[in-house]
Amino acid sequence: MDVALLFEARARVLADLEARRRATPDAVSALEEAVSARTWWAEQWPEGAQYVAGLVAQDVQDALVDTVGRWPVCDWCDEEAEHMVHISPDLGGPDPVWVCEESGKPVAPLGSLPRM
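Here the structure is a predicted model, which means the values were calculated and not measured.

How each quantity is defined
- Residues numbered from 1 in each chain as written.
- Predicted model: local features only at pLDDT ≥ 70, side-chain atom pairs only at ≥ 80, totals over all residues.
- Heavy atoms only, no water.
- Phe/Tyr/Trp six-rings, centres within 6.5 Å; stacked < 30°, edge-to-face > 60°.
- Buried < 20%, exposed > 50% of the residue type's maximum accessible area, 1.4 Å probe, protein only.
- Lys NZ or Arg CZ within 6 Å of the ring centre and 35° of its normal.
- Helix = DSSP H or I, 4+ residues; strand = E, 2+ residues; numbered from the N terminus.
- Salt bridge = Lys/Arg side-chain N within 4 Å of Asp/Glu carboxyl O.
- Expected span 1.5 Å × (residues − 1).
- Contact = heavy atoms within 4.5 Å.

1. Focus on the packing of aromatic side chains
Next, step 1: This structure, assessed with the given rule, holds 3 aromatic pairs.
Next, step 2: Ring centres of W41 and W45 lie 5.2 Å apart, and the angle between their planes is 85°; this geometry places the pair in the edge-to-face category.
Next, step 3: According to the relative accessible area criterion, W45 is partly exposed, its value standing at 33%.
Next, step 4: Taking the centre distance of 5.7 Å and the plane angle of 5° together, the rings of W45 and Y51 count as stacked.
Next, step 5: Aromatic ring contacts, followed pair by pair, group W41, W45 and Y51 into a single cluster.
Next, step 6: For the cation-ring pair, R38 lies above W41, with the distance from its terminal atom to the ring centre recorded as 5.3 Å.

Here it is in structure tokens:
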């Protein structure tokens with residue numbers, strides 16, 4: 001397993017957390033736990049390394065729902081109801097992007113959410 005891919009995944013998700021002002025201690029702990037879990041996963045399935053970044057983002061997103069709420073929330077479309085963006089493709093790679101769950105439109109590559 002190329003650990004550089006894990007460091008890149010961590011950096012990309014952290015950049016998005018920071019861009020959306022969610023890089024709290026709880027969120028960063030969730031990120032560290034996700035990277036650790038996906039390290040084991042990638043060691044078991046080396047061909048799946050290209051999916052690690054997107055899967056880490058999904059893991060953090062799932063963990064935050066229980067502690068700090070929805071992340072990241074969509075602010076790209078005109079929908080009044082609060083909704084999220086999610087990583088596409090579902091398996092998380094090889095080129096993960098955030099996609100609006102309502103419109104289905106891509107809004108940003110992983111690691112490139114605009115600052116709020």
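Having put the structure on the table, let's press on.
2. Some words on unusual backbone geometry
Next, step 1: A cis amide bond links W71 with the next residue in sequence, P72, at an omega value of -20°.
Next, step 2: By the secondary structure assignment, P72 is in the loop between α3 (52-67) and β1 (85-88).
Next, step 3: Following G93, the chain continues to P94 via a peptide bond in cis, the omega torsion being 10°.
Next, step 4: Secondary-structure assignment places P94 in the loop between β1 and β2 (97-100).

3. Concerning the pattern of salt bridges
Opposite charge on two side chains allows them to pair when their charged atoms are near.
Next, step 1: Overall, the coordinates contain 4 salt bridges when judged by the stated rule.
Next, step 2: The salt bridge partner of R12 is E8, with a shortest N-O separation of 3.4 Å. Here R12 pairs with E8, and both are found in helix α1 (residues 3-19), just 4 residues apart, close to one helical turn.
Next, step 3: For R12, a relative accessible area of 21% puts it in the partly exposed group.

4. A word on α3
Next, step 1: Across its 16 residues, α3 extends 23 Å between first and last C-alpha, which sits within 8% of the 22 Å expected from 1.5 Å per residue.
Next, step 2: Of all the residues in α3, the buried ones are V52, A53, G54, L55, V56, A57, Q58, V60, Q61 and L64.
Next, step 3: Buried residues in α3 make contact with α1, α2 (25-44), β1 and β2.

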